[in-house]
Amino acid sequence: MVERYQNYVGGAWTDAASGDVSTSSNPADHSDVIGEFQASNSADADTAITAASNAKEGWRRTSSLVRGGYLFKAATYLEDNLEEYAQAVTRESGKAILESRGEVGRAIALLQYYGVEGSNPVGTVVPSVNPNILLYTNRMPLGVISLITPWNFPIAIPIWKMAPALVYGNTVVLKPASATPHVATLIARMWEAVDLPAGVFNLLTGSGGAVGDELITSSKVSAISFTGSTRIGMQIAAESAKRGKKYQLEMGGKNPVIVLPDADLEQAAEITVSGAMKYSGQKCTATSRAIVVGNVMEEFTSLVVEKTMALKIGPGVDADSVVVPVIDQTSKDNIKSIIDRGVADGGTVLTGGGAPTGPEYGSGTFVEPTVITKVAPDAFVACEEIFGPVLSIIPAADAEDALEIANSVEYGLSAGIFTRNLNSVLDFADRIEAGIVKINGETAGVEPQVPFGGMKASSTGNREQGKAAIEFFTQSKTIYVDRSAT
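Everything in this summary refers to the structure shown in the same document. Residue numbers restart at each chain and count upward from 1, following the sequence in its written direction. For this predicted model, a pLDDT threshold of at least 70 governs which residues receive local features, and a threshold of 80 or more governs which side-chain atom pairs are given and counted, while totals over whole chains, interfaces and linings are taken from all residues. The basis for the side-chain values is all heavy atoms of the structure; hydrogens and waters are excluded.

### A closer look at the overall build of the protein chain
In plain terms, the rule: Only DSSP runs of H or I reaching four residues or more are called helices, and only runs of E reaching two or more are called strands; each is numbered from the N terminus. The globule rule is 2.2 Å times the number of residues to the power 0.38, and the radius of gyration it is compared with is taken over C-alpha atoms. Each residue is assigned to one of three classes by its accessible area relative to the maximum for its type, calculated with a 1.4 Å probe on protein chains only: buried under 20%, partly exposed between the two thresholds, exposed over 50%. Note on definitions: a residue-residue contact is assigned when non-hydrogen atoms from the two residues lie within 4.5 Å. In short, Shrake-Rupley with a 1.4 Å probe defines the accessible areas, and a residue's cover is counted only from the protein chains shown. The convention is simple: Lys and Arg are positive, Asp and Glu are negative, and His and the chain ends are not counted. Note that the charge is assigned to NZ on lysines, CZ on arginines, CG on aspartates and CD on glutamates.
In terms of helices and strands, the protein chain carries 15 helices and 21 strands. Since a compact globule built from 486 residues should have a radius of gyration of about 23 Å, the 24 Å found for the protein chain is in line with a globular shape. Within the protein chain, buried positions represent 55% of all 486 residues. In the protein chain, the share of contacts with a sequence separation of at least 24, taken over all contacts with a separation of at least 6, comes to 73%. Total accessible area on the protein chain stands at roughly 19100 Å², and carbon and sulfur atoms take up 51% of it. Taking the 38 positively charged and 54 negatively charged side chains of the protein chain as two groups, their mean positions are separated by 8 Å.

This is the structure:
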């Protein structure tokens, strides 16, 4: 019998008001149904927001050291249950098990990092022109934060939003992606296990259309942190701006690498393929364009094709699998349509382009890792986010042309360059329109202690992670303390 899971609201497990449920299944084997999950609606969202609002004053008045202590306890809990959580990530998102273990490890590191933040100063004492005045600043929590998160990093992204939100004194309502509700329930179990006060963390499962409006428009919500599509992100921005709410949006990417003639081509090809094909390209920081300068095009392309063809396609539970299933049939169909359009626009598929055949692939949504060459810089396949294992190889006349091509799309999340030339490195780092810059490194993969975010349509500019998180999750207050009259 399929297990049924509940929402976690006000410190209790509850059913949705509608009584309806939806299911979640394994992308590698859609007959493997993980469970039934609450199909929440706007009434459930209001209940969860009210629970968070009722808890916000008590949590704000809790010492930040105590708040950080809860994060440390959560980190320990995750360490003790790492394999269970990693297996759940792989089963529900399709991610390779080695990457799932790494993702849980990252969540642990984030909880530990922000646990320390609970003991760090959040304000400054500033000299006043009046020697009798003590002038200082403090940072205050916003209140209730709605967190709307995607399926591709079902534990790391919710944790990197909620850890700073909580340690800086906010309460949260999490609405995870409909494709990965089970991992979100495990996050709720983590907070329940460490006795986080009721209402400080709340979980709602269900479709964004059913609960999203309330999470964005409720007068009790102070801010929204969202990771997902550019289209939905822009809708959130518009609705939030109407109501004067803070919003933090991390959206699409079309991440390039530039390969200069002096690059170590073996290294460049290995890293480019890794960035493009791991997790089947289902990362906002995945490498999507390789822009190759000069006479190394043929050798670089040959290396990329060779390395791509050597990748194992299979379910994430197999530790040797690199190219795993994409999240669902809709995604698979969309990836195929973009590949076909790339060919229609003059591109040539050198490897991949379809779905793998064989009984081991029949019940999952697998896509072959695909390399397309002879791609024009302004072709659809070279400009639009695909979220699949597809790499376009684009020629450039020189470094200046390559930089122009790299900057020509609407996105600006992550970008890399392969070269041995220091001048080329510094020029690229200065002029590339991206929030994350990698030198001889993979566009995907970031560390939790530094800011994360993009430029242009990839982000609203409010950085996540690192010390930068405090800027979004708090507001500054300036206090003047004069001596009382005698």
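### Some words on the environment of Pro-154
Structurally, the position occupied by Pro-154 is in the loop between strand E7 (144-148) and helix H5 (156-167). Residue Pro-154 is classed as buried on the basis of its relative accessible area, which comes to 3%. Separated by 171 residues in sequence, Pro-154 and Pro-325 place their C-alpha atoms 16 Å apart. Ignoring sequence-local partners within four residues, the contact set of Pro-154 consists of Val-89, Ser-93, Glu-103, Thr-180, Val-183 and Ile-187.

### Re the pattern of salt bridges
Pairs can form between side chains of opposite charge whenever their charged atoms are close. This is how the line gets drawn: Think of a salt bridge as a Lys or Arg side-chain nitrogen and an Asp or Glu carboxyl oxygen that are within 4 Å of each other.
Counted according to the given criterion, the structure contains 18 salt bridges. Residue Arg-431 is joined to Asp-427 by a salt bridge in which the shortest nitrogen-to-oxygen separation is 3.1 Å. Of the two residues, Arg-431 and Asp-427 both sit in helix H14 (residues 422-431), four residues apart, roughly one turn of that helix. Given a relative accessible area of 35%, Asp-427 falls into the partly exposed group. Salt bridges here are not isolated pairs; linked through shared partners, they connect Glu-239, Lys-242 and Arg-243.

### Let's talk about unusual backbone geometry
A negative phi angle characterises most non-glycine residues, just as the trans form characterises most peptide bonds. The backbone phi angle of Lys-374 is positive, close to 55 degrees, even though this residue is not glycine. By secondary structure assignment, the location of Lys-374 is in the loop between strand E15 (370-373) and helix H12 (380-383). In this structure, Gln-465 is a non-glycine residue whose phi angle is positive, near 65 degrees. With respect to the element layout, Gln-465 can be found in the loop between strand E20 (455-456) and helix H15 (469-473).

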